[in-house]
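Survey of secondary and tertiary structure
Next come the chains, spelled out residue by residue.
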Protein chains: 2
Amino acid sequence: MKHQDIIFTNSVGEELERILAEFGDKVYVICDDNTKTCVLPLIASASPRVASARVISTPPGDENKNIRSLSMIWEGLQNGGADRHSVIINIGGGVITDMGGFAAATFKRGVRFINLPTTLLSAVDAAVGGKTGINFNGFKNEVGVFKEADAVVISTRFFDTLPLDEVKSGYAEMIKHGLLEGNSALDRLLDYKLNELDVTRLLSLLEESVNVKRRVVEQDPFEKGIRKALNLGHTVGHALESLALERKNPIPHGYAVAWGCVVELVLSHMILEFPSAILHRVAAFVRDNYGAPAIECRDYPKLLEYMRHDKKNSGGRINFTLLSAPGKIEIDRYPADEEILTAMDIFRDLMGI
Amino acid sequence: MKHQDIIFTNSVGEELERILAEFGDKVYVICDDNTKTCVLPLIASASPRVASARVISTPPGDENKNIRSLSMIWEGLQNGGADRHSVIINIGGGVITDMGGFAAATFKRGVRFINLPTTLLSAVDAAVGGKTGINFNGFKNEVGVFKEADAVVISTRFFDTLPLDEVKSGYAEMIKHGLLEGNSALDRLLDYKLNELDVTRLLSLLEESVNVKRRVVEQDPFEKGIRKALNLGHTVGHALESLALERKNPIPHGYAVAWGCVVELVLSHMILEFPSAILHRVAAFVRDNYGAPAIECRDYPKLLEYMRHDKKNSGGRINFTLLSAPGKIEIDRYPADEEILTAMDIFRDLMGI
């Protein structure tokens, strides 16, 4: 997998103008109808090349990350005369970077593309790793390819117009990366005041966080081994998300990951002696910023069931990534059901449930 | 691009059984409705794993190489429980190897696949080189990716049930490869009696021919330089094809390539002193096996126009691959219009038009 350029900047238009001058050729923007109205003009005002690009926009939302929108994008490229030398800029959240990346990877068997994530979650997560695709027939990301963008421009500039929930959701993935990276990275993240949203400081934290993911992905581009480390917090997190969805009371993905991280740190403490003081510090940060999930003892069997059916598992065992300390990763751990339930109990205590 | 396994055999079922035993896991067959009836049972009788595979079949013909059939294939894989460890076998002509390859390359971001071409044209051409895709919105191969099959099983066993025209069409691409390879390869091809269709001898010629293409593609997987050598015969050939199509009297692709090769060898003789004796031998083979196209002097301006608008060209010049001798390739040659027309005149003489 080739090495992609990742640029961290809050002068987005100027930076894009510079990249596009290098790439030459015709420029196409893919975004959703909201981004077209709210974000695109801010960028276009500082980039004549973006301002004069042909814009292909799709209806917003994960429910539109489908073959219909993908066909609209291919058609827009075709009608706009795009060829193998053209450049596509995907401006948006994960839906657009995934779907626009897939459109670019397949139009005429591959056109260059730049990702410009406009949400914290897509900046930290979806824009790096080369996963592109769409939902198909009721299944998420069922169809796609692995293809890294030629460049990713990451900015925190658009985040202060987002709901704080959205920012917190992305920040949970950053906490996860801090746990994978080590003590000082984690300290910096836990010291940050989410409610104040200092976007300049957030940009430097984000840079550190994206680089953690990048290093993991580079070691394991096709998700055979160490990339499983990125599942930290997600085994329990997905179960919490699925349960909430079943009860028609969905929770943001990042909230579930934040809570999942705490449960999995408890397990790490029980099984691998992850330091208790750090566990308590993370738990306090999560409780203060994300509150607590509505979980009771009688939900445990259902949660275990959801964990067991996660697509990462086989043979009825539940796969975890655990830590013996921040930065000390142990993939492919299989705690017993009773250990998982004990960890859930301790988690509920820590959250004050 | 990874190195794919290409196996030449007329014991197709047995060979597939051996490969599938290595690959393990669930097997899916993609084919068209005709192949399902006529070819699949012959293979299944010698391969229990093929016999028990889930079969996904689509309506035949290039007009069905579209997003609709592709969606049917994705849905078939999904409903059949295919996962990342499954194996897909594409059995058919170029439509199926292109479309099935694209489906496999994108389902769950990539599932292993085996190509089993059932026509000479797809064996010699479409099964090697990693081009996958579908037509979209009236344009051929508008959407796809470069992805080589994990294995290609090539056989001549199904060809004697094909119309002889189809075999001749594929054989023209083999002649082209012989010209690119050199004297002795070309001699063996010109000595073969197409009308007798000795499938065992054809298999060994086919092996030699596929290896020529494989070597060229390996040197230039993304078609930036020497792969243009494979366009020999196609600059003129496509123009003849387009003119015939415009007149509602379409000619097989390979016939156009055979004639195109002769015109381009005449040009090669004029410009690069390609040996006259070999030119005459090729011309005689083409005349005897393919007859002559219905071309008059007054068609010349239109033919030049078609050549000029070929997607390989830019700046109004017409790009040719020429030869100074069999095996001595010169890409990116731009003869003057008058030279092309003189070559057309000589070609018509050689064909007895």
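Look above for the structure.
Notes on the structure follow. Just so we're clear, the structure is a prediction, and the values are computed from it rather than from any experiment.

So, on to the pairing of strand S10 (residues 328-333) of chain A. Residue and element names in this part refer to chain A. Summarising the sheet, strand S9 (residues 320-325) and S10 pair through four bridges and their orientation is antiparallel. Across the sheet, the residue bridging to leucine 322 is glutamate 330, located in S10. The antiparallel hairpin formed by S9 and S10 contains two residues in its connecting segment, where glycine 327 sits at a positive phi of about 90°.

This part is about the environment of A:Gly110. Examined against the element boundaries, A:Gly110 turns out to sit in the loop between helix H6 (94-106) and strand S5 (112-117). A:Gly110 sits 37 residues away from A:Lys147 along the chain, and the two C-alpha atoms are 9.5 Å apart. The contacts of A:Gly110, once residues within four sequence positions are left out, are A:Ala104, A:Ala105, A:Lys147 and B:Gly144.

Attention shifts here to the packing of aromatic side chains. All names here are of chain A. Taken as a whole and judged by the stated rule, the model has ten aromatic pairs over all chains. Look at tyrosine 255 and tyrosine 290: their rings are 5.0 Å apart centre to centre, the planes differ by 80°, and that puts the pair in the edge-to-face class. Of the two residues, tyrosine 255 sits in helix H12 (residues 253-272) while tyrosine 290 sits in helix H13 (residues 276-290), which places them 35 residues apart along the sequence. Note on accessibility: tyrosine 255 and tyrosine 290 belong to one class, buried.

We now examine the relation of the copies chain A and chain B. Superposing chain A onto chain B requires a rotation of 180° together with a translation of 0.0 Å along the rotation axis, leaving an RMSD of 0.0 Å. The relationship between the two copies is best expressed as a two-fold rotation axis. Interface residue correspondence from chain A to chain B reaches 100%, placing this contact among same-surface, isologous pairings.

Right, let's get into H13(A). All names here are of chain A. Here H13 contains 15 residues, and its C-alpha end-to-end distance of 21 Å stays within 8% of the 21 Å for a straight helix at 1.5 Å per residue. Buried positions along H13 lie against helix H8 (164-181), helix H9 (183-191), H12 and helix H15 (337-351). Just beyond H13, the residue with positive phi is glycine 291, at close to 65°.

With that out of the way, let us pick up the nonpolar core. Buried together is how nonpolar side chains tend to be arranged in soluble globular proteins. In terms of nonpolar packing, the biggest core is built from 190 residues, with A:Tyr171, A:Leu179, A:Tyr290, B:Tyr171, B:Leu179 and B:Tyr290 touching the most fellow members. With sequence-adjacent residues up to four places away left out, A:Tyr171 is seen in contact with A:Leu120, A:Leu189, A:Tyr192, A:Leu194, A:Leu202, A:Leu205, A:Phe285 and A:Tyr290. Counting residues in each nonpolar core, the second largest holds 23 residues, with B:Ile19, B:Phe23, B:Ile43 and B:Ala151 among its members.

Residue and element names in this part refer to chain B. With parallel pairing, the six strands of this open sheet are ordered in space as S1-S8-S5-S4-S2-S3. Looking at which strands have only one partner, the edges of the open sheet turn out to be strand S1 (5-8) and strand S3 (54-58). In this sheet, neighbouring strand axes are inclined to one another by 20° on average, regardless of whether the strands run parallel or antiparallel. Pairing of strand S5 (residues 112-117) with strand S8 (residues 151-154), which is carried by two bridges, proceeds in the parallel orientation. Looking at the pairing, asparagine 115 lines up with valine 152 of S8. In the packing of helix H1 (residues 12-23) onto the sheet, the strands contacted are S1, strand S2 (27-32), strand S4 (87-92), S5 and S8, and the crossing angle to S5 comes to about 175°. Running at roughly 165° to S4, helix H6 (residues 94-106) makes contact with S2, S3, S4 and S5 of the sheet.

As a further point, take unusual backbone geometry. The phi torsion at A:Asp332 lies on the positive side, around 55°, for a residue other than glycine. Checked against the element boundaries, A:Asp332 lands in strand S10. Look at A:Asp332 and you get partly exposed, because its relative accessible area is 31%. Phi at B:Lys248 is positive, roughly 55°, even though this residue is not glycine. Tracing the backbone through its elements, the reader meets B:Lys248 in the loop between helix H11 (234-246) and helix H12 (253-272). Since its relative accessible area comes to 74%, B:Lys248 is described here as exposed.

Attention now goes to the interface of chain A and chain B. The extent of an interface is frequently quoted as the accessible surface area lost upon association of the parts. With 25 residues of chain A at the contact, the number on the chain B side is 25 residues. Summing the contributions of chain A and of chain B, the shared interface buries around 2,400 Å²; its carbon and sulfur component is 53%. Looking only at chain A, the three residues that lose the most surface to chain B are A:Gln78, A:Arg109 and A:Glu142, adding up to 31% of its buried area. Counting across the chain A and chain B interface gives two salt bridges. Where chain A touches chain B, the interface holds twelve residue pairs in polar contact (both at pLDDT 80 or more). The element best represented in the side of chain A that touches chain B is helix H5 (residues 67-79) of chain A, accounting for five residues. Residue composition of the side of chain A that touches chain B, grouped by class: ten nonpolar, eight polar and seven charged.

So, about helix H14 (residues 300-308) of chain A. Residue and element names in this part refer to chain A. Residues of H14 that are buried include every one of Tyr300, Leu303, Leu304 and Met307, and no others. One side of H14 carries all its buried residues, which in axial view fall inside an arc of 100°. Along its buried surface, H14 packs onto helix H11 (234-246), S9 and H15.

Summed over all chains, the structure comprises 44 salt bridges over all chains. Close ionic contact of A:Lys213 with A:Asp125 constitutes a salt bridge, the shortest N to O distance being 3.2 Å. Here the residue A:Lys213 occupies a position in helix H10 (residues 199-219), and A:Asp125 occupies one in helix H7 (residues 120-126), the gap between them amounting to 88 residues. Residue classification places A:Asp125 among the partly exposed positions, given a relative accessible area of 24%. For B:Glu22, the salt bridge goes to B:Arg18, with nearest N and O atoms at 3.2 Å.

Sheets are built from strands that pair by backbone hydrogen bonding, the pairs being arranged parallel or antiparallel. Residues and elements named next belong to chain A. Pairing within the open sheet is parallel, and its six strands lie in the order S1-S8-S5-S4-S2-S3. The open sheet terminates on both sides in strands that have one partner only, identified here as strand S1 (5-8) and strand S3 (54-58). Between one strand axis and the next, the sheet turns through 20° on average, direction left out of account. As defined by bridge partners, strand S2 (residues 27-32) adjoins strand S4 (residues 87-92) across four bridges and the pair is classed as parallel. Looking at the pairing, valine 29 lines up with isoleucine 89 of S4. Each of S2, S3 and S4 touches H5; the most contacted strand, S3, lies at about 165° to it. The strands touched by H6 within the sheet are S2, S3, S4 and S5, with S4 carrying the most contacts at an inclination of about 165°.

Definitions and limits used
- Note that residues are indexed from 1 along each chain, following the sequence as it is written.
- Working convention: letters from A go to chains and numbers from 1 go to ligands, in the order in which they are written.
- Since the coordinates come from a predicted model, pLDDT governs what is reported: local features require at least 70, and pairs of side-chain atoms require 80 or more to be given and counted, while whole-chain, interface and lining totals use all residues.
- The side-chain figures draw on all heavy atoms in the structure; neither hydrogens nor water molecules are used.
- Between any two strands, pairing holds if DSSP finds at least two bridges.
- Secondary structure counts use DSSP, requiring at least four H or I residues in a row for a helix and at least two E residues in a row for a strand, with both numbered from the N terminus.
- We call two residues in contact when some of their heavy atoms are within 4.5 Å.
- Only rings of Phe, Tyr and Trp enter the pairing, Trp through its six-membered ring, and a pair is recorded when the two centres are within 6.5 Å. The plane angle decides the type: under 30 degrees is stacked, over 60 is edge-to-face, the rest tilted.
- Each residue's exposure class comes from its accessible area (1.4 Å probe, protein chains only) as a fraction of the maximum for that residue type: buried when under 20%, exposed when over 50%, partly exposed otherwise.
- Superposition of the copies used a least-squares fit over C-alpha atoms from residues whose pLDDT is at least 70 in both.
- Expected span, for any helix, means 1.5 Å times one less than how many residues it has.
- By nonpolar core is meant a set of buried Ala, Val, Leu, Ile, Met, Phe, Trp, Tyr and Cys residues that side-chain atoms within 4.5 Å join together.
- For every element, the axis is a line fit to its C-alpha atoms; helices are fit only across the contacting stretch, and the angle between N-to-C directions ranges from 0 to 180 degrees.
- The term buried area denotes the loss of accessible surface (1.4 Å probe radius) that occurs when two parts are joined, taken as the sum for both partners.
- Basic side-chain nitrogens of Lys or Arg form a salt bridge, by our definition, when they fall within 4 Å of a carboxyl oxygen of Asp or Glu.
- Two N or O atoms form a polar contact when they lie within 3.5 Å of each other; inside protein one atom must be a possible hydrogen donor and the other a possible acceptor, and for residues adjacent in sequence the pair counts only when both atoms belong to side chains.
- All residues other than Ala, Val, Leu, Ile, Met, Phe, Trp, Tyr, Cys, Pro, Asp, Glu, Lys and Arg, Gly among them, are scored as polar; the first ten of these are nonpolar and the last four charged.
- Taken from the helix axis, the directions to the C-beta atoms give the arc we talk about.

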